[in-house]
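Architecture and fold: a report
Spelled out from the first residue to the last, the chains are:
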Amino acid sequence: MYLFEHGQLIRDIPCSTGLPDPDKYTPAATGEVGDYWASFFAFDVYADNAWYLFKSAGSILIHSLPYTYQNGYKVYQDRDALGVRPASHGCIRISPEDAIWFTAWNPQGVPFTVTDPYLDKW
């Protein structure tokens, strides 16, 4: 994920997008980053620092890695997929640390572009 301000790259964030299934891939889209969701629960996991992008088969968000709780601690899933392979149900996942930075940057209203997935490479 590349973030620009005034045409200058300010941050390159490793991410993971949707799995190569018809109901899980991350479709191409353009728009503006929408509302902030502090935390949510879906598919039996939690995620934090989520930003709404658009509606597809479900809500497409940028958010932290999903996690479960074990002994009162967050255990994140699929960190090894960031920047390497798709792993989500359509959302754009980033590390918890990058999600905190992204939220502090306050992207609401910022234009975004999600490019076409390269299905043949999956």
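Heads up: these notes are all about the structure in this document. (Residues numbered from 1 in each chain as written. Predicted model: local features only at pLDDT ≥ 70, side-chain atom pairs only at ≥ 80, totals over all residues. Heavy atoms only, no water.)

1. Focus on unusual backbone geometry
Positive phi, close to 55°, is recorded for phenylalanine 43, a residue that is not glycine. Take phenylalanine 43: it is sitting in the loop between β4 (36-42) and β5 (45-55). You will see that asparagine 49, though not glycine, has its phi angle at about 50°, which is positive. By relative accessible area, asparagine 49 is classed as buried at 14%. (Helix = DSSP H or I, 4+ residues; strand = E, 2+ residues; numbered from the N terminus. Buried < 20%, exposed > 50% of the residue type's maximum accessible area, 1.4 Å probe, protein only.)

2. Examining the environment of arginine 85
By the secondary structure assignment, arginine 85 is in the loop between β8 (73-76) and β9 (92-94). Here the alpha-carbon distance between arginine 85 and cysteine 15, two residues 70 residues apart in the chain, equals 8.6 Å. A distance of 3.3 Å separates a polar atom in the side chain of arginine 85 from a polar atom in the side chain of aspartate 80. (Polar contact = N/O pair within 3.5 Å; in protein donor to acceptor, adjacent residues only side chain to side chain.)

3. Some details on the nonpolar core
Among the nonpolar cores identified, the biggest contains 17 residues, and Met1, Leu53 and Ile94 are the most heavily contacted of them. Listing elements by their share of this core, those giving two or more residues are β5, β6 (59-64), β9, α1 (96-105) and β10 (111-114). It is β5 that contributes the most residues to this core, three residues altogether. Setting aside residues up to four positions removed in sequence, leucine 53 forms contacts with Glu32, Val33, Ile60, Leu61, Ile62, Ile92 and Phe112. Within the second largest apolar cluster, five residues are counted, among which are Phe40, Ala50, Leu61 and Cys91. (Core = buried A, V, L, I, M, F, W, Y, C linked by side-chain atoms within 4.5 Å. Contact = heavy atoms within 4.5 Å.)

4. What to know about the packing of aromatic side chains
The geometry of two aromatic rings is summed up by the distance between their centres and the angle between their planes. Evaluation of the coordinates by the stated rule reveals 12 aromatic pairs. Three or more aromatic residues joined by ring pairs make a cluster, and in this case those are Tyr36, Trp51, Trp101, Phe102 and Trp105. For arginine 11, the ring lying beneath its charged end belongs to tryptophan 101, and the centroid distance is 4.4 Å. Above the plane of the ring of tyrosine 76 lies arginine 79, whose end atom (NZ or CZ) is 6.0 Å from the centre. (Phe/Tyr/Trp six-rings, centres within 6.5 Å; stacked < 30°, edge-to-face > 60°. Lys NZ or Arg CZ within 6 Å of the ring centre and 35° of its normal.)

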